[in-house]
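Inside the fold
In case you want the letters, here they are:
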Amino acid sequence: MVHQLFEFKCEKVFRQGDPISPFLYLIVIEALSWVLNKAKSVSELSGLQIYENEQDITHLFYADDALILGEWSKENLEKTARMLQGRITPRWKICLACWNVEESIRFWCDLWIGETPLRESCPNLYRLEKCKDCLVESRITLGSTIKNLKWNRKKEPTKNEEVGELLGLLEQIHDYVWAQGVDSWKWVGGGPANFTVYAVKQLFITARNYSDFYKMRCNTWIPLKCNALTWRAELDRLPTRVELTKRSVILHDINCPLCGDSTELLGHLFTACIFALDMWDRVARWCRLPPLYALVVRDLLSLAKGLKLQIMR
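About the cut-offs
- Counting starts from 1 at the beginning of each chain's written sequence and moves along it residue by residue.
- The predicted nature of this model means local features are confined to residues of pLDDT at least 70 and side-chain atom pairs, given and counted, to a pLDDT of 80 or more, with totals for whole chains, interfaces and linings taken over all residues.
- Remark: hydrogens and water are excluded; side-chain values derive from all non-hydrogen atoms of the structure.
- Secondary structure elements follow DSSP: runs of H or I no shorter than four residues count as helices, runs of E no shorter than two count as strands, and numbering proceeds from the N terminus.
- Here the term buried applies to any residue with accessible area under 20% of the maximum for its type, exposed to any over 50%, and partly exposed to those in between, with areas from a 1.4 Å probe on protein chains only.
- Residue contacts follow a heavy-atom distance rule, with two residues in contact if any of their heavy atoms lie within 4.5 Å.
- For accessible areas, the Shrake-Rupley method is used with a probe of radius 1.4 Å. Any residue's cover is judged against the shown protein chains and nothing else.
- In these notes, a set of buried Ala, Val, Leu, Ile, Met, Phe, Trp, Tyr and Cys residues joined through side-chain atoms within 4.5 Å is what counts as a nonpolar core.
- For two strands to pair, DSSP has to find at least two bridges joining them.
- Whenever a nitrogen or oxygen atom comes within 3.5 Å of another N or O atom, the pair is scored as a polar contact, on the condition that within protein one atom can donate a hydrogen and the other can accept it, and that pairs from neighbouring residues in sequence are kept only if both atoms are in side chains.
- Note: the arc covers the axis-to-C-beta directions of the helix.
- The definition used for a disulfide is geometric: two cysteine sulfur atoms within 2.5 Å.
- Just to be clear on terms, a salt bridge is a Lys or Arg side-chain nitrogen sitting within 4 Å of an Asp or Glu carboxyl oxygen.
- Per-residue confidence from the predictor is reported as pLDDT, a score between 0 and 100.

**Focus: the overall build of the chain**
For the chain, the helix and strand inventory stands at twelve helices and four strands. Here the chain holds 313 residues, and the buried ones make up 21% of them. Put simply, 45% of the contacts in the chain that link residues at least 6 apart link residues at least 24 apart. Approximately 25,200 Å² of the chain is accessible, and the part contributed by carbon and sulfur atoms is 57%.

Structure (structure tokens):
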């Protein structure tokens, strides 16, 4: 029984498949469900009503997915986001989506000109800005032929970096083609003019580089766990000491436990360690093969494929 609530710092993580993970998830998801129901009971959150005179639905939970439903309004979305911000830890991945919410574009934080937001392309000017969430319409007003800029800075730009960013920004704004009407988001990922899930998928597919892609074929005459080990070794996914330290596992020594000459990396463990070299030499002599030389794990796989072709001949 918990009598007092307090904040605590999460310092350890559980690997996928750990038996305690489902119980920890249930504790958190139960608390989230209670918060959503409480918000609906005090009219802070408007759910989705399927039929008239029926109870509205605020959330649906299934396995490790959480779907929050509600009335189609900006106020309801802001309340939901504000509630989740106070209840969800930073480790959670939250995606909020809304439609038909007309809102002007922010001058510094949104991508409306250039390739990156202005707070990234003009960091020195962004530091001088007093109102960092200001809108484009509050900074720029369009006349018939003149663009009027209004600034709200802490001080005037005097350093070379600040002046250079200001001149570049003024040039961008001068060359920008302004469209009349309400601000809106535009899909610039290529393909169809409107945003679709298919367009995002095609963008990811075309952006992939398959030049270094290695296609591994499993051998049927060796145990399945050997195929799995080889596949993980080719992907550099084996839990070597260096990789364990990246996962916050505390180790007193990350050197190779066999030779102690170098850190225990995958390449060292299979191709550079003196014990590995001696083992490959013994394997070659036992199988009456020429000496085996490899620099990376993929060389071993390619070498085995070449030796197979040689023996078949």
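**A closer look at the environment of E161**
Turning to its location among the elements, E161 is positioned in helix α6 (residues 160-175). E161 gets classed as partly exposed once you look at its relative accessible area, which sits at 48%. In the structure, E161 is positioned 37 residues away from N124 in sequence and 7.0 Å away in space, judged by C-alpha atoms.

**Comments concerning the nonpolar core**
Most often, soluble globular proteins have nonpolar side chains that are buried together. By size, the foremost hydrophobic cluster in this structure holds 16 residues, and its most contacted members are F107, W108, W112, L118 and L169. Elements represented by at least two residues in this core include exactly α4 (123-128) and α6. Examining the composition of this core, we find that three residues originate from one element, α6, more than from any other. Beyond its immediate sequence surroundings of up to four residues, L118 is in contact with F107, W108, W112, I113, P123, L169 and Q172. Grouped together as the second largest cluster of nonpolar side chains are eight residues, L36, A39, L45 and M83 included.

**Things to note about the pairing of strand β2 (residues 65-68)**
Bridging between strand β1 (residues 59-62) and β2 involves four bridges; their strand directions are antiparallel. The partner of H59 across the bridge, within β2, is I68. Taking the residues between adjacent antiparallel strands as the criterion, β1 and β2 are bridged by two residues, where A63 takes a positive phi near 55 degrees.

**Notes on the side chain of E234**
Mapped onto the secondary structure, E234 falls in helix α8 (residues 224-234). Since its relative accessible area comes to 14%, E234 is described here as buried. At 2.5 Å, the side chain of E234 forms a polar contact with the side chain of R298.

**Quick notes on α8**
Residues N227, A233 and E234 constitute the buried set of α8. Viewed along the axis of α8, the buried residues span an arc of 130 degrees, placing them on a single side of the element. Exposed residues pointing more than 90 degrees away from the buried face of α8 are listed as L224 and K225.

**Points about unusual backbone geometry**
When glycine is set aside, most residues are seen to have a negative phi, and most peptide bonds are trans. One non-glycine residue, D236, lies in the positive phi region at around 60 degrees. With respect to the element layout, D236 can be found in the loop between α8 and α9 (241-246). One non-glycine residue, S248, lies in positive phi territory at about 65 degrees. In this fold, S248 is placed in the loop between α9 and α10 (266-272).

**What about the state of the cysteines?**
Counted under the stated rule, the structure contains zero disulfides. Its sulfur unpaired, C131 is 5.2 Å from the next cysteine sulfur, which belongs to C134. Overall, C134 belongs to the buried group, its relative accessible area being 4%.

**Notes on the pattern of salt bridges**
Per the stated rule, a full pass over the model turns up twelve salt bridges. A salt bridge links R106 to D110; the nearest nitrogen and oxygen atoms lie 3.1 Å apart. Exposure remark for R106: the relative accessible area of 32% places this residue in the partly exposed category. Sharing partners across several salt bridges, the network here consists of R106, D110 and D133.

**Details of the environment of N255**
Mapped onto the elements, N255 comes out in the loop between α9 and α10. A residue is classified by how much of its surface remains accessible, and N255, at 27% relative accessible area, is partly exposed. Along the sequence, N255 and T240 sit 15 residues apart, while their C-alpha atoms lie 9.9 Å from each other. Beyond its immediate stretch of four places on either side in the chain, N255 contacts R241, G260, S262, T263 and E264.

**Thoughts on the confidence of the model for the chain**
Mean pLDDT over the chain works out to 78, with 81% of the residues at or above the 70 mark. Within the chain, α4 carries the highest mean pLDDT (91), whereas helix α12 (residues 297-312) carries the lowest (66). Within the model, pLDDT remains below 50 along residues 87-103, and this stretch shows 17 contacts once partners closer than five positions in the same chain are excluded. With pLDDT under 50 throughout, residues 309-313 is counted as low confidence; its partners more than four residues away or in other chains account for one contact.

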